[in-house]
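Chain by chain, the residues run as shown.
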Amino acid sequence: MSFQLICFYAFAAITVGAALAVISVRSPVHAALCLVLTFFSTACTWLLADAEFLAIALVLVYVGAVMVLFLFVVMMLDLDLDPLREGFVRALPVGIVVAVVMLVEMLGLIGVRSMQLPAPPEPAAAAGMSNTSWLANALFSQFLLPFEVAALILTVAIVAAIPLTLRRRTGTRTQNPGRQVMVQARDRVRIVKMAAEKPAPAADKTGETTP
Amino acid sequence: MDSIIAAFHWFVSTFPTLSMALGLLLLPLVPLIIGVAMYVWWERKVIGWMHVRMGPNKVGPFGLAQTFADVFKLLLKEVVYPANSNKTLFLLAPLWALIPSFAAWAVIPIGPNVAWSNANAGLLFLLAMTSMGVYGIILAGWASNSRYAMLGAMRSAAQVVSYEIAMGFSLVSVLILAGSLNLSDIVQAQAGGKGLFDWFWLPLLPMFVIYFVSGVAETNRAPFDVAEGESEIVAGFHVEYSGAPFAVFFLTEYANMILVSFLAPILFLGGWLSPIQGWVHADVAWYVDWIWKGGWPWLFLKVFFFATAYVWFRASFPRYRYDQIMRLGWKVFIPITIVWVFVAGCMKYFGWVTAGA
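Residues numbered from 1 in each chain as written. Chains lettered and ligands numbered in written order. Predicted model: local features only at pLDDT ≥ 70, side-chain atom pairs only at ≥ 80, totals over all residues. Heavy atoms only, no water.

A. Molecular detail of the UniProt feature "transmembrane region" (unreviewed entry) in chain A. On the UniProt side, "transmembrane region" (unreviewed entry) is annotated at positions that read residues 6-25, 32-49, 55-79, 91-112 and 143-166 of chain A here. The annotated region residues 32-49 of chain A carries 94% helix and 0% strand content, and the separation between its end C-alpha atoms amounts to 26 Å. (UniProt positions renumbered as here; feature names shortened; annotations may be inferred. Helix = DSSP H or I, 4+ residues; strand = E, 2+ residues; numbered from the N terminus.)

B. Quick peek at unusual backbone geometry. Residues and elements named next belong to chain B. Although it is not a glycine, F62 adopts a positive phi angle of roughly 55°. Along the polypeptide, F62 turns up in the loop between helix 2 (16-50) and helix 3 (66-76). Backbone geometry places N220, a non-glycine residue, at a positive phi of 55°. In this fold, N220 is placed in the loop between helix 9 (205-218) and helix 10 (230-233).

C. Representation of helix 7 (residues 131-142) of chain A in the model. All names here are of chain A. Over its 12 residues, helix 7 extends 16 Å from the first C-alpha to the last, a length consistent with the 16 Å expected when each residue adds 1.5 Å. Of the positions making up helix 7, those classed as buried are N131, T132 and A138. Viewed along the axis of helix 7, the buried residues span an arc of 135°, placing them on a single side of the element. (Expected span 1.5 Å × (residues − 1). Buried < 20%, exposed > 50% of the residue type's maximum accessible area, 1.4 Å probe, protein only. Arc of directions from axis to C-beta.)

D. Summary view of the packing of helix 2 of chain B against helix 3 of chain B. All names here are of chain B. Helix 3 packs onto helix 2 with a crossing angle of 115° between their chain directions and a minimal axis gap of 8 Å. Once helix 2 is placed against helix 3, the crossing between them reads as right-handed. Residue-level inspection shows A37, M38, V40, W41 and R44 of helix 2 in contact with helix 3, the latter providing Q66, T67, F68 and D70. The residue inventory of the contact of helix 2 with helix 3, partitioned by class, reads five nonpolar, two polar and two charged. (Axes fitted to C-alpha atoms, helices over the stretch in contact; angles between N-to-C directions. Left-handed = near helix turned anticlockwise from the far one by under 90°. Contact = heavy atoms within 4.5 Å. Nonpolar A, V, L, I, M, F, W, Y, C, P; charged D, E, K, R; others polar.)

E. Expanded view of the packing of aromatic side chains. Residue and element names in this part refer to chain B. Within the structure shown, the criterion is met by 29 aromatic pairs over all chains. For the pair F262 and F300, a centre-to-centre distance of 5.6 Å together with 90° between the ring planes defines the contact as edge-to-face. Of this pair, F262 sits in helix 11 (residues 243-268) while F300 sits in helix 13 (residues 296-316), and the two are 38 residues apart along the sequence. Among the residues examined, F262 registers a relative accessible area of 6% and is labelled buried. Under the relative-accessibility criterion, F300 is labelled partly exposed at 37%. Here a set of aromatic residues connected by ring pairs shows up, and it is made of F208, Y211, F212, F268, F305, F306, Y310, F313 and F317. In this structure, K87 is placed above the aromatic ring of Y81, and the distance from its NZ or CZ to the ring centre is 5.0 Å. (Phe/Tyr/Trp six-rings, centres within 6.5 Å; stacked < 30°, edge-to-face > 60°. Lys NZ or Arg CZ within 6 Å of the ring centre and 35° of its normal.)

F. Representation of the UniProt feature "transmembrane region" (unreviewed entry) in chain B within the structure. Under the feature "transmembrane region" (unreviewed entry), the UniProt entry names residues 20-42, 89-111, 123-144, 156-179, 199-217, 254-275, 295-313 and 333-352 of chain B. In the segment residues 20-42 of chain B, helix accounts for 100% and strand for 0%; the C-alpha atoms at its two ends are 33 Å apart.

G. Up close: the layout of surface pockets. Volume-wise, the second largest pocket comes out at about 1200 Å³. In terms of lining residues, the second largest pocket is bounded by 40 residues, among which F40 and L47 of chain A together with A103, F125 and M129 of chain B are the most central. Of all the elements in the fold, those that place two or more residues in the lining of the second largest pocket are helix 1 (3-24), helix 2 (28-48) and helix 3 (52-77) of chain A together with helix 2, helix 4 (87-103) and helix 5 (122-132) of chain B. Looking at the lining of the second largest pocket, the element that brings in the most residues is helix 2 of chain A, giving 10 residues. A breakdown of the residues in the lining of the second largest pocket according to their chemical character gives 36 nonpolar, three polar and one charged. (1 Å grid on protein atoms, 1.4 Å probe; cavity = no way out; pocket = protein on both sides within 12 Å on 5 of 7 lines; lining within 4 Å. Points joined across faces, edges and corners; volume = space filled by probe spheres on them.)

H. Representation of the side chain of S261 of chain B within the structure. Residues and elements named next belong to chain B. Inspection of the secondary structure assignment puts S261 in helix 11. A distance of 2.8 Å separates the side chain of S261 from the backbone oxygen of M257, its partner in a polar contact. Look past the residues within four positions of S261 in its chain and what remains in contact with it is V303, F306, A307 and Y310. (Polar contact = N/O pair within 3.5 Å; in protein donor to acceptor, adjacent residues only side chain to side chain.)

I. How the structure looks around the nonpolar core. L71 of chain A together with F200, Y211, L267 and F268 of chain B are the most contacted members of the largest nonpolar core, which totals 117 residues. Tallying contributions element by element places helix 11 of chain B first for this core, with 14 residues. If sequence neighbours within four positions are ignored, Y211 of chain B has contacts with M167, S170, L171, V260, L263, A264, L267 and F268 of chain B. (Core = buried A, V, L, I, M, F, W, Y, C linked by side-chain atoms within 4.5 Å.)

J. Region of the structure containing the interface of chain B and chain A. At the interface, 27 residues of chain B touch 27 residues of chain A. Carbon and sulfur atoms make up 79% of the surface buried where chain B meets chain A, a total of about 2300 Å² over both sides. Sorting the residues of chain B by area buried against chain A places Y135, M154 and R327 of chain B first, and these three jointly supply 24% of that buried surface. Linking chain B to chain A there are zero salt bridges. (Buried area = accessible area lost by both parts, 1.4 Å probe. Salt bridge = Lys/Arg side-chain N within 4 Å of Asp/Glu carboxyl O.)

K. Main features of a nonpolar patch on the surface. All names here are of chain B. On the surface, a cluster of nonpolar side chains totalling about 770 Å² of accessible area is made up of L26, V30, I34, F68, V71, F72, L75 and L76. Mapped onto the nonpolar patch, the elements with two or more residues apiece are helix 2 and helix 3. In terms of residue count, the dominant contributor to the nonpolar patch is helix 3 (five residues). By the element assignment, I34 lies in helix 2. (Patch = residues over 30% accessible without salt bridge, like charges linked within 9 Å, V, L, I, M, F, W, Y side chains within 5 Å. Areas by Shrake-Rupley, 256 points an atom, 1.4 Å probe, with all protein chains shown as cover.)

Put into structure tokens, the structure is as follows:
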């Protein structure tokens, strides 16, 4: 058994274990952290398959940004999960059926693919460049239009998400940081020219000597 | 003592690959930790001079041993667990902050292809690692079971996630011009015959400024240190930490500052390249040739400048207000970076900037 294979089994076992922990631990914060571990060990298995761009993008996007916001929300809300868990046993058979169907579908897909012998060589290695630059070349030449369409859809989704959550509350007092930043010293301070006031020479300080 | 040496020999001879790997791991970490200690001393000294004080000057020559004394004090102190806190996460949080910040050092080159991992996707790896460090802060805030710590963690998470976007875009413009994600190749792309005008700071001047300011914001340093803001939330996310876990947070923060100080020269100021490259051609002796041929002393000089700039900022600027930090990140930096990524694309497409002359 090669070192790579040992690493693969270790990462895969951690992935499965962490994924199981996501749905079984009690605290939602722990569940979110287990999901982070699932993503991270999945990225490790992808790295073993030389898919370095996908692996790092997974860590960057899901672990570095999405899960941070997820954790943020979970911590702020202080969820009470007990009412959500009540239906767990009742929904279990349905869940098992869905899981089994998905497993069969995946196995079928892998089976169909493995029948196409021999397996095609890895395109990035065949082109003699790194996975990242091969992906970039493919995305920006062969698949430029789908790529741009996907980008447009995502932008529209972002813009749509903002009006959906934006609501003007009446009666709140807000500041305008733009105006605050642009403020000049002369708007706030008035400098007055005046003659210096000299104290009258003290006559009763005869006891003190001046250096 | 003999038994320790014997055990060491046994370990090395039984697991040669493992001991090699461990040795290679310690090779960057030990200088880094000593560098952090020296940096803390330098920061206190510089801020002292700026305040017309002496700074640390009692322990050791010039007070150099002050940081080590502080470290040993912290390590020997009791670790206090807050009531009803989550002990596992409370101890996991500093580690989760420390490990990504150490892991990021794997791809930092100090010379042509001299790095612990000359990875193809080095820049992406760096982004991924620096984005993971924020978990340590969030978890510290949550596991402490304290209002102040929670508020600090929330502020920090929002700030780091916001500034990461601007930072990411400025890295994108660098990789557009360099045409590579490998940090060594990025530095080599800045080589040329026009001295320091071949470096990326000139075509990417706004990005260079934004990168370093975002770097300061990412490391939660003054003037963006609202995550700790003593006047508002006591000490922010690490208010409940004491002893060794606090020392780990401290180490992480300074290691991240040194990391940003390394990245700014590597990405924008030609890394180990000399500012007079291409102007002087001579062979005098190996110990002077680096001045025009380039070498690691140049990189370290540039790093020293940026590390000192961090301290300089801290001594000069008052703390930003929280909503103004967010305004700066989202309404100023991100629009500028989006425009400049487009400009960088044009520079590359029309050949206004050539990589590696």
